[in-house]
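# Reading the structure
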Amino acid sequence: MHKTIQPSRRSFLAGAGQVAAAATVANVLPFHAASAKEARATRIEASAFKDLAGAVKGGVLLPDDPFFADMARPNNLRFNTLPAAIARCSSEQDVQACVAWVRKHDFKFAVRSGGHNYAGFSTTPGLLIDMTLMDEVSLLSRAEGLVKIGGGILNSAVYKALERLNCTITHGRCDTVGAAGFLLGGGIGFNMRMLGMASDLLHSTSIVTADGTLHDDIQDSGADKDLFWACRGGAGGNFGINTSFTLRVVPVDTVTFFNITWATEVEEVLHTLLTRLAEAPPEFGSKISATVPANSRPGTGRPITVSILGQLHKCGTTLEAIFGPVLEKASQKVIKRDIPYWQAQDLLSEFTYPYFYQEKSSYMRARDITRDAVAAMFRMARDMPGTSLGNSFKFFQVGGQVNATAADATAYVHRGYDWLFSSEVNWWDRKDPKSLVDQNLDWQERFYADVNTATKGRGAFQNFPDPSLKDWATAYYGDNYARLRQVKATYDKGDLFTYGQGIKPA
Ligand SMILES: Cc1cc2nc3c(=O)[nH]c(=O)nc-3n(C[C@H](O)[C@H](O)[C@H](O)COP(=O)(O)OP(=O)(O)OC[C@H]3O[C@@H](n4cnc5c(N)ncnc54)[C@H](O)[C@@H]3O)c2cc1C
């Protein structure tokens with residue numbers, strides 16, 4: 001039996017959108033077009049939006065409507081393009097209506113859930129297909145541990161529902177990330193070493209494809225099994241619009257939370273952590289950050305700290321045994337032992353307002369990370385020009401159950417590594433002039449290349465898309481790219497769902 005846990009619909013906005021669509025459109029609407037081709041794809045008769053508003057029950061918002069710019073704003077402000085209209089899908093039929101409409105009018109569009117795509121792939125000057133009204137959660141089977149979530153739900157709502165059920169999945173830390181983007185691109189989090197990637201926990205999904213067909217509850221077997229395979233790591237926005245996901249959840253108990261910082265001997269500390277922790281049991285999950293402070297000047301005296309954040313599920317060993325003597329060198333230690341799982345997640349969660357950033361990632365094996373390589377990372381980080389915001393290079397701990405799945409078993413190919421490395425450059429446009437930002441981005445390219453050379457780093461996480469990555473198809477998908485292109489050709493031969501680094505049909 002399906003038990004609805006959290007029905008919630010923001011009907012006020014949905015209704016407002018429908019009225020506004022009928023009331024405020026002009027006769028012909030050219031919007032924010034960057035090129036002649038784009039202008040054609042975003043110019044449309046006003047009556048077309050009326051038709052869309054009539055078909056989409058969740059409502060259609062136009063630029064003069066309340067909260068339009070707020071709803072259109074992506075997390076990465078580099079890509080803050082205003083759309084021509086926002087269609088708010090509240091059902092699978094609404095999604096099908098949007099797909100039919102963009103096909104009929106040959107109109108540019110992008111699909112959006114949480115809007116946290118690093119590279120602006122959920123922004124468009126055309127129609128923004130907003131999925132966030134589809135935010136239901138239902139427990140399908142407690143015995144089998146199956147929970148179904150809506151295709152536009154934000155992680156915060158997923159976590160609240162899982163907390164009530166006293167269970168969990170592999171999940172991230174940021175409440176405002178959309179579950180769709182998170183799951184379709186793999187999905188990393190502190191539980192992944194114990195449970196696998198979030199996409200490994202995907203039991204089934206429903207998806208509307210380019211021809212408007214709803215493929216309901218597709219799974220690992222059956223006619224659409226290749227499409228399901230592609231939805232487990234093939235990244236959002238490539239194969240259609242996912243309207244729901246069913247996840248395998250597991251019960252939770254208590255965990256030990258830790259947040260530890262070192263301010264001295266940071267090279268030695270980081271090398272120790274990256275090599276020693278790779279041996280930790282799969283119940284241990286962590287993220288290590290080496291942080292260049294905001295507004296700090298380049299030079300040997302720059303105070304870079306190393307910190308580690310994470311959790312240890314009960315497993316018969318202790319943090320002290322896992323970390324060894326390096327723990328004693330910490331300048332700051334917050335450790336909370338055996339606290340309820342979801343209480344620990346409150347301490348681990350993060351909130352960020354939208355800002356400007358560029359991130360570059362790769363995967364590494366602990367055995368390839370030498371003392372010299374770590375020393376070089378710090379030398380380069382001390383030379384980073386820097387911005388008005390803090391900038392880190394980070395290591396998300398993979399391994400454990402992530403590596404128990406074969407690289408070709410799902411579209412998520414990055415198996416067999418210990419760390420997902422990521423370098424960030426963060427800035428604020430009113431504080432950091434373009435010339436300084438460019439210097440930092442140039443520095444980041446060199447840093448990324450040198451770190452990868454020194455550590456045999458390879459690949460890139462498709463959920464951290466990098467618009468400057470030239471060999472993105474190989475980096476994100478490796479040997480799985482050929483099969484992804486076949487799936488694309490089967491379900492979207494005309495490449496309706498397309499973006500800068502979109503998978504191309506074979
Ligand atoms: C602050 C922050 C914290 C993060 N933390 C983590 C983390 O802990 N773990 C992790 O793995 N990742 C993390 N990420 C990365 C994040 O998982 C990805 O950027 C993810 O793709 C964002 O999903 P979204 O729905 O919020 O974004 P969106 O920008 O809405 O969507 C991402 C992509 O999926 C497409 N899409 C959206 N909805 C659908 C749908 N229903 N059907 C089909 N395609 C769709 C979009 O068109 C776009 O191409 C983080 C990102 C940020 C900015």
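All residue numbers refer to positions counted from 1 along the written sequence of the respective chain. Only residues with pLDDT of at least 70 get local features here, since the model is predicted, and only at 80 or more are side-chain atom pairs given and counted; chain-wide, interface and lining totals rely on the full set of residues. Water and hydrogen atoms play no part in the side-chain values, which are based on all heavy atoms of the structure.

## Here's the deal with the side chain of Gln 501
With respect to the element layout, Gln 501 can be found in the segment after α16 (481-491). We call two N or O atoms a polar contact when they sit within 3.5 Å, provided that within protein one can donate a hydrogen and the other can accept it, with sequence-adjacent residues counted only if both atoms are side-chain atoms. A distance of 2.8 Å separates a polar atom in the side chain of Gln 501 from the backbone oxygen of Asp 466. In this structure the side chain of Gln 501 is engaged in a polar contact, spanning 2.6 Å, whose partner is the side chain of Tyr 476. The secondary structure listing takes helices from DSSP runs of H or I that are at least 4 residues long and strands from runs of E that are at least 2 residues long, numbered from the N terminus.

## Things to note about α16
Buried means the residue's accessible area, taken with a 1.4 Å probe over protein chains only, is under 20% of the maximum for its type, while exposed means over 50%, and partly exposed covers the values in between. Taken residue by residue, α16 has Tyr 481, Leu 484, Val 487, Lys 488, Ala 489 and Tyr 491 as its buried positions. Contacts made by the buried residues of α16 are with β12 (214-218), α9 (225-231) and α15 (472-477). We call two residues in contact whenever any of their non-hydrogen atoms come within 4.5 Å of each other.

## Regarding the packing of helix α10 (residues 266-276) against helix α13 (residues 371-383)
A fitted line through C-alpha atoms represents every axis, and for helices the fit uses only the stretch in contact; the resulting angles, taken between N-to-C directions, go from 0 to 180 degrees. Here α10 crosses α13 at 130°, and the two axes come no closer than 9 Å. As summarised for this structure, α10 and α13 are arranged oblique, according to the angle between their axes. Every pair of crossing elements has a handedness; the one defined by α10 and α13 is right-handed. In this structure, α10 contributes Val 266, Glu 267, Glu 268, Leu 270, His 271 and Leu 274 to the contact, and α13 contributes Arg 371, Val 374, Ala 375, Phe 378 and Arg 382. All amino acids are sorted into three groups, where Ala, Val, Leu, Ile, Met, Phe, Trp, Tyr, Cys and Pro are nonpolar, Asp, Glu, Lys and Arg are charged, and the leftover types, Gly among them, are polar. For the contact of α10 with α13, a count of residues per class yields six nonpolar, one polar and four charged. By the definition adopted for this analysis, an angle is roughly parallel if under 35 degrees, roughly antiparallel if over 145, roughly perpendicular if from 65 to 115, and oblique otherwise. Working rule for handedness: look at the near helix, and if it is turned counterclockwise from the far one by less than a right angle, call the crossing left-handed; if clockwise, right-handed.

## Topic: the confidence of the model for the protein
Scored by pLDDT, the protein has a mean of 92; 92% of the residues are at 70 or more. Per-residue confidence from the predictor is reported as pLDDT, a score between 0 and 100. Scored below 50 in pLDDT, residues 1-33 shows 86 contacts in the model against residues more than four places distant or in partner chains.

## As for the domain arrangement of the protein
Interface size is often expressed as the accessible area that is lost when the parts come together. Under the domain assignment used here, the protein contains domain 1 (14-130), domain 2 (137-251 + 478-491) and domain 3 (254-469). On the side of domain 3, 12 residues touch domain 1, which itself brings 12 residues to the contact. Buried area is understood as the total, over both parts, of accessible area removed when two parts are fitted together, assessed with a 1.4 Å probe. Regarding the contact of domain 1 and domain 3, the summed buried area is about 1100 Å², with carbon and sulfur atoms giving 61% of it. The working definition used for a salt bridge is a side-chain nitrogen of Lys or Arg within 4 Å of a carboxyl oxygen of Asp or Glu. Here domain 1 is connected to domain 3 by zero salt bridges. What fixes the domain bounds is an automatic or database domain assignment.

## Focus on the packing of aromatic side chains
When the centres of two rings from Phe, Tyr and Trp lie within 6.5 Å, Trp using its six-membered ring, the rings pair. Their planes under 30 degrees apart give stacked, over 60 give edge-to-face, and anything left gives tilted. Scanning all chains against the criterion turns up 30 aromatic pairs. Arranged with centres 5.4 Å apart and planes meeting at 20°, the rings of Phe 49 and Trp 101 form a pair that is stacked. Taken together, the residues Phe 49 in helix α3 (residues 46-55) and Trp 101 in helix α5 (residues 92-105) connect sequence positions 52 residues apart. Look at Trp 101 and you get buried, because its relative accessible area is 5%. With a centroid separation of 6.1 Å and 50° between ring planes, the pair formed by Phe 421 and Phe 447 is classed as tilted.

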